[in-house]
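# Residue-level structure breakdown
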Amino acid sequence: MNEFHESDYYKNYLVVNDNEAFRFDSVIYNQINDVHPPLFYSLLHLLSSIFRNTFSKWYGLAINIIFFICTEIYVYKISKHIIKTETSLNLIAPALYGFCLGTVSCVLYIRMYMVLSFWCIAFLYYSIRIMSNDRISDYIKCSLCALCGFLTQYYFVIFAFFVAISFFICTILQKKGKIILKYFLINILAGCIGIVLFPAAINHVLNTDRGQESISNIGTGIKELIHKIYDFKNVVSIDMFGNKLVLDIIFLVCLIIFIFLICQKKMKESIHVTALITLIISCAGYFLLISLIAPEIVSRYQYPIYPEVILIISMLLITICLYWDKSFIAYILCGLTIILFLITPSFAKVPYLYKGYEAGLEKVKECESAMGIYLTHGDHIVINDTLFLSNQKQTYPVKFEEIDKLIEVMSQKSVDEIVLYVNIYYDSEECSKKVANLFGLKNIEFIYDNAYTNIYHIY
């Protein structure tokens, strides 16, 4: 704070330089001081190290796209496993997931949630496979998914817990008690290896602000819990259909039909019931517990179960079609649901597109000779605008209350043009007018609202 920084100062923050390439110890260090495990950030650092000295959103998006494709494969595999009958209707699940508004958002959001979604769906797949085929290869793959999921995001443990609960119930009902011990031992071993590889996980969960907040949320009262569940249900519904009520209607109608159909002998022969139960319990359990402990009511905490939610909807639709084979009404119902998924992204808002960002960035690049002033109550907010500042010839971060220091520094120079950054803790319009008056400038042009910061061109 309170000194000028050249554009290279910010560029060096954004890119992996030659002497920083493949320094995974740096990633580990950063994550120890954060509240997340390191796997996703290690993958991002790997790509950035290969393309060192450059910055691109595609490094993060490439990871998400690869894991999205892998998730689609496992969505199809689970659909095929649950539906015993060979049918092309199994393509419904990956089609719906691929065009789901929430999936698009998850892929665009350069955080660990798309990677986490993959480990969750893969772990679920190998768990239900073990219930059917007691193969050592499935145990190993399941354990690897558990390890990687744990090292991606701690919420994986919640999902895995409910999968394990349903695994236990289903295997007991099937009188396959022998596989329970092997399943639990192999996954507990994965968890232990995860803690050995990243021991800071214990401190993150038990002692950090975020961990303490999640634990304290467990004591939430029933009334508040119901409100949170309702709010999260709305978030998921909007992510699926762009509307709060559509998911309720589809689930209610299909569930009534599904309960009727599942009791029919014909359907019991067509569906792998234990796998379907595991899918439903793991999805519902994760949703309810995350609704209870999540620090904010935002969709990213529910992203990991979007493949499972889509699978449940798909299973309802496929069951209806199988029972009323070649029935016009059944296929109309399926068709309308699929069309709804396909068209939702065209009329509903897709988060994380950052519309206007590139135009704002170009405008800043055009103001090459302008002095940058960054008004912020703390330097941590500056990170949000690093890409803008790396295109700014010179920037001076300062608290508005201390702007006299900047006036003193600039007293011997004439300032004809300013790019002003004002973070949300200040009244941005008021600040822009005061800065213009301080430097004797008349014109104020709004450039871009970058979530935490409003950017102005003053001349």
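The following refers to the structure shown.

What counts and what doesn't
- Residues numbered from 1 in each chain as written.
- Predicted model: local features only at pLDDT ≥ 70, side-chain atom pairs only at ≥ 80, totals over all residues.
- Heavy atoms only, no water.
- Patch = residues over 30% accessible without salt bridge, like charges linked within 9 Å, V, L, I, M, F, W, Y side chains within 5 Å.
- Areas by Shrake-Rupley, 256 points an atom, 1.4 Å probe, with all protein chains shown as cover.
- Salt bridge = Lys/Arg side-chain N within 4 Å of Asp/Glu carboxyl O.
- Helix = DSSP H or I, 4+ residues; strand = E, 2+ residues; numbered from the N terminus.
- Pairing = 2+ DSSP bridges.
- Core = buried A, V, L, I, M, F, W, Y, C linked by side-chain atoms within 4.5 Å.
- Buried < 20%, exposed > 50% of the residue type's maximum accessible area, 1.4 Å probe, protein only.
- Contact = heavy atoms within 4.5 Å.
- Axes fitted to C-alpha atoms, helices over the stretch in contact; angles between N-to-C directions.
- Left-handed = near helix turned anticlockwise from the far one by under 90°.
- Nonpolar A, V, L, I, M, F, W, Y, C, P; charged D, E, K, R; others polar.

## Concerning a nonpolar patch on the surface
- A cluster of nonpolar side chains, Phe161, Ile165, Phe168, Ile169, Ile172 and Leu173, forms an exposed patch at the surface whose accessible area comes to about 570 Å².
- Mapped onto the elements, Phe168 comes out in helix H9 (residues 155–173).

## A word on the sheet that holds strand E5 (residues 444–449)
- Read from one edge of the open sheet, six strands run E1-E3-E2-E4-E6-E5, paired in mixed fashion. The strands lining the two open edges of the sheet, one partner per strand, are strand E1 (5–6) and E5.
- Pairing geometry for strand E2 (residues 371–375) and strand E3 (residues 394–398), over four bridges, is parallel. Within the sheet, the bridge partner assigned to Leu375 lies in E3 and is Val398.

## With respect to the nonpolar core
- Judged by nonpolar contacts, the single largest core of 103 residues is most densely connected at Ile82, Phe123, Tyr183 and Met240.
- The biggest single contributor to this core is helix H7 (residues 113–132), with 16 residues.
- Dropping the residues within four chain positions of it, Met240 is found in contact with Cys100, Leu247, Tyr306, Val309, Ile310, Phe341 and Thr344.

## Overview of the environment of Leu279
- With respect to the secondary-structure elements, Leu279 resides in helix H16 (residues 273–293).
- Those residues within four positions of Leu279 in sequence are excluded, and the remaining contacts are Ile82, Leu124, Glu308, Leu311, Ile312 and Met315.

## A few points about the packing of H9 against H16
- Where H9 meets H16, the closest approach of the two axes is 8 Å, and the angle between their N-to-C directions is 145 degrees. The two elements H9 and H16 meet at a crossing, and its hand is right-handed. Where H9 abuts H16, its residues Tyr155, Ile158, Phe159, Phe162, Val163, Ser166 and Cys170 lie against Thr274, Ile277, Thr278, Ile281, Ser282, Gly285, Tyr286, Leu289, Ile290 and Ile293.
- Across the contact of H9 with H16, the residue classes break down as 12 nonpolar, five polar and no charged.

Everything listed here is a matter of coordinates, which is why it stays silent on function.
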